[in-house]
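Inside the fold
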Amino acid sequence: MTAKVLNNMLAASHTAMTRLVLDWGDTQGVDEDKLLALIASASGQNWLASGFDAIEFARDGFGDDNSIGILAKDVSAALYIAPDSNTALPEAVQTAIRQLKPRVKS
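In this text the structure is predicted, and so the values were computed from the model without any measurement. (Residues numbered from 1 in each chain as written. Predicted model: local features only at pLDDT ≥ 70, side-chain atom pairs only at ≥ 80, totals over all residues. Heavy atoms only, no water.)

**Observations concerning the overall build of the protein chain**
Helices and strands together make up the secondary structure of the protein chain, namely five helices and zero strands. Traced from its N-terminal end to its C-terminal end, the protein chain shows the element sequence α-α-α-α-α. Taking 13 Å as the expected radius of gyration for a compact globule of 106 residues, we find that the protein chain reaches 14 Å, a close match to that expectation. When its C-alpha atoms are laid out on the principal axes, the protein chain stretches across 40 × 30 × 25 Å. Buried positions account for 39% of the 106 residues belonging to the protein chain. (Helix = DSSP H or I, 4+ residues; strand = E, 2+ residues; numbered from the N terminus. Rg over C-alpha atoms; globule rule 2.2 N^0.38 Å. Buried < 20%, exposed > 50% of the residue type's maximum accessible area, 1.4 Å probe, protein only.)

**A closer look at a nonpolar patch on the surface**
Residues Met-17, Leu-20, Val-21 and Trp-24 make up a contiguous nonpolar surface patch of roughly 390 Å² in combined accessible area. Mapping Val-21 onto the fold places it in helix H1 (residues 2-27). Owing to a relative accessible area of 31%, Val-21 belongs among the partly exposed residues under this scheme. (Patch = residues over 30% accessible without salt bridge, like charges linked within 9 Å, V, L, I, M, F, W, Y side chains within 5 Å. Areas by Shrake-Rupley, 256 points an atom, 1.4 Å probe, with all protein chains shown as cover. Salt bridge = Lys/Arg side-chain N within 4 Å of Asp/Glu carboxyl O.)

**With respect to the packing of aromatic side chains**
This model, assessed by the stated rule, comprises one aromatic pair. With a centroid separation of 6.2 Å and 40° between ring planes, the pair formed by Trp-47 and Phe-57 is classed as tilted. Of this pair, Trp-47 sits in helix H3 (residues 47-50) while Phe-57 sits in the loop between H3 and helix H4 (67-81), and the two are 10 residues apart along the sequence. Assessed through its relative accessible area of 14%, Phe-57 is described here as buried. (Phe/Tyr/Trp six-rings, centres within 6.5 Å; stacked < 30°, edge-to-face > 60°.)

**Here we look at H1**
For H1, spanning 26 residues, the distance from its first C-alpha to its last is 38 Å, which sits close to the expected 38 Å at 1.5 Å a residue. Val-5, Asn-8, Ala-11, Ala-12, Thr-15, Ala-16, Thr-18, Arg-19, Leu-22 and Gly-25 are the residues of H1 that are buried. Against the buried residues of H1 lie helix H2 (32-41), H3, H4 and helix H5 (88-98). (Expected span 1.5 Å × (residues − 1). Contact = heavy atoms within 4.5 Å.)

As structure tokens, then:
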């Protein structure tokens, strides 16, 4: 169970950062499909970005009862077992996940 929670915390960080990158790309006029293709073949590669259009929850906003909400809960579970001195980054990820709005394909 601990390994699952830690893996899901990593997935939460990928989700938060991928969504942020896509949002920033939008503000700069970067085509979403081209950016995702680049990410899939470069150093930013991650599960969410590589399967963005196939992952059911990829475009969801935060909701207590959806997969994005479950990611926030998984980060909470990881924080429960974390060393007290090293929680700033997971807490920031959890905040970012809770702030996700639905993403409409442009």
